[in-house]
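Descriptive structure summary
Each chain, letter by letter, is given below.
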Amino acid sequence: MPGNFDGIKNRKFGIEIEMTGITRCEAAKAIKKVLGGDIDHVGGTYDKYTVGDDKGRKWQIVFDSSIYARKKNGDLASDYYKVELNSPVLEYEDFDLLQSVIRALRKTGAITGPDYDCGTHIHIDAADYTPQQIRNLVNLWSSIICNQQYSVLKILLLFFLMGTFDQSAPMRTVLPKINSNILLIFMQL
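Reading guide: rules and limits
Residues numbered from 1 in each chain as written. Predicted model: local features only at pLDDT ≥ 70, side-chain atom pairs only at ≥ 80, totals over all residues. Heavy atoms only, no water. Helix = DSSP H or I, 4+ residues; strand = E, 2+ residues; numbered from the N terminus. Expected span 1.5 Å × (residues − 1). Buried < 20%, exposed > 50% of the residue type's maximum accessible area, 1.4 Å probe, protein only. Core = buried A, V, L, I, M, F, W, Y, C linked by side-chain atoms within 4.5 Å. Contact = heavy atoms within 4.5 Å. Polar contact = N/O pair within 3.5 Å; in protein donor to acceptor, adjacent residues only side chain to side chain. pLDDT = per-residue confidence, 0-100. Pairing = 2+ DSSP bridges. Phe/Tyr/Trp six-rings, centres within 6.5 Å; stacked < 30°, edge-to-face > 60°.

**Side note on helix α3 (residues 95-108)**
Here α3 is 14 residues long and its end C-alpha atoms lie 20 Å apart, about the 20 Å a rise of 1.5 Å per residue gives. Those residues of α3 not exposed but buried are Leu98, Gln99, Val101, Ile102, Ala104 and Leu105. Just downstream of α3 lies Gly109, where phi reads positive at about 120 degrees.

Written out as structure tokens, the structure is:
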């Protein structure tokens, strides 16, 4: 299937990663070490922090009420430990940067997983998908979730297939919230 990988390389995406074990301030400082930009504590309802990268994009660290907050040692923690990373719109070339951000968060003490009600959301730019393509993608994704098998092969297959669809009508979709096993796969790379 020549050319299929080119579709993946051109597909934009974003990611939200829920975590605990560190505070939002600690998370912002950790990703600053990778991104190099300034930290801006915006505050507000979500106690938002932003960190800029060298492309002028803003990465956000925000409060997420759904997280079961814990400290690194496992003790119960305050709401300051309910942390969600929201990436800007990313491209294929940003995978190494994303991986470095995740590693910096882990090194700082971030923990994630179902024990903390933490998950990962992946947003795929599907502006050029037809309704049938979206249906195929949802069916594929549902079959993965229903089988509770998040093998690297299936995840790579999903991304591979996204690049093979015949792209025509403008539409946008967001993939459902998934188990943090995908985050664990990113973290093991």
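From this point, things continue past the structure.
**Describing the nonpolar core**
Formed by 24 residues in total, the largest nonpolar core has its most connected members in Ile31, Trp59, Ile61, Leu85 and Leu105. Of all the secondary-structure elements, those providing two or more residues to this core are β1 (13-19), α2 (24-35), β3 (48-52), β4 (58-63), β5 (83-86), α3 and β6 (119-124). Contact partners of Leu105, with chain neighbours within four places excluded, come to Met19, Ile22, Ala27, Ala30, Ile31, Leu85 and Ala110.

**Considerations on unusual backbone geometry**
One non-glycine residue, Asp47, adopts positive backbone phi at about 45 degrees. In this fold, Asp47 is placed in the loop between β2 (39-43) and β3. In this structure Asp47 comes out as buried when scored by relative accessible area, which is 14%. Phi at Asp117 takes a positive value of approximately 55 degrees, unusual for a residue other than glycine. With respect to the secondary-structure elements, Asp117 resides in the loop between α3 and β6.

**Let's talk about the side chain of Asp47**
A polar atom in the side chain of Asp47 sits 3.0 Å from the side chain of Arg24. Non-local contacts of Asp47, meaning those with residues more than four positions away in its chain, are made with Arg24, His41, Ile61 and Tyr80.

**Describing the confidence of the model for the protein**
Low pLDDT means the predicted coordinates in that region are not meant to be read closely. The share of residues in the protein with pLDDT of 70 or more is 69%, and the mean pLDDT across the chain is 77. Here residues 156-189 is modelled with pLDDT under 50, and outside its nearest four sequence neighbours on either side it reaches 97 contacts, counting other chains as well.

**With respect to the pairing of β6**
Among the six residues in β6, six count as buried, and that is most of the element. On β6, burial covers both faces: Gly119, His121 and His123 on one face and Thr120, Ile122 and Ile124 on the other are all buried. Bridge analysis of β1 against β6 gives five bridges, and the strand direction is antiparallel. Note that in β6 the partner of Ile17 across the bridge is Thr120.

**Examining the packing of aromatic side chains**
Enumeration according to the criterion identifies two aromatic pairs in this entry. Here the aromatic rings of Phe13 and Phe95 are separated by 5.0 Å at their centres, their planes lie at 20 degrees, and the arrangement is stacked. Placement of Phe13 in strand β1 and of Phe95 in helix α3 is noted, with a sequence separation of 82 residues between them. Phe13 gets classed as buried once you look at its relative accessible area, which sits at 9%. Judged by relative accessible area, which is 27%, Phe95 ranks as partly exposed. For the ring pair Tyr92 and Phe95, a centre distance of 5.9 Å and an interplane angle of 75 degrees mean the geometry is edge-to-face.

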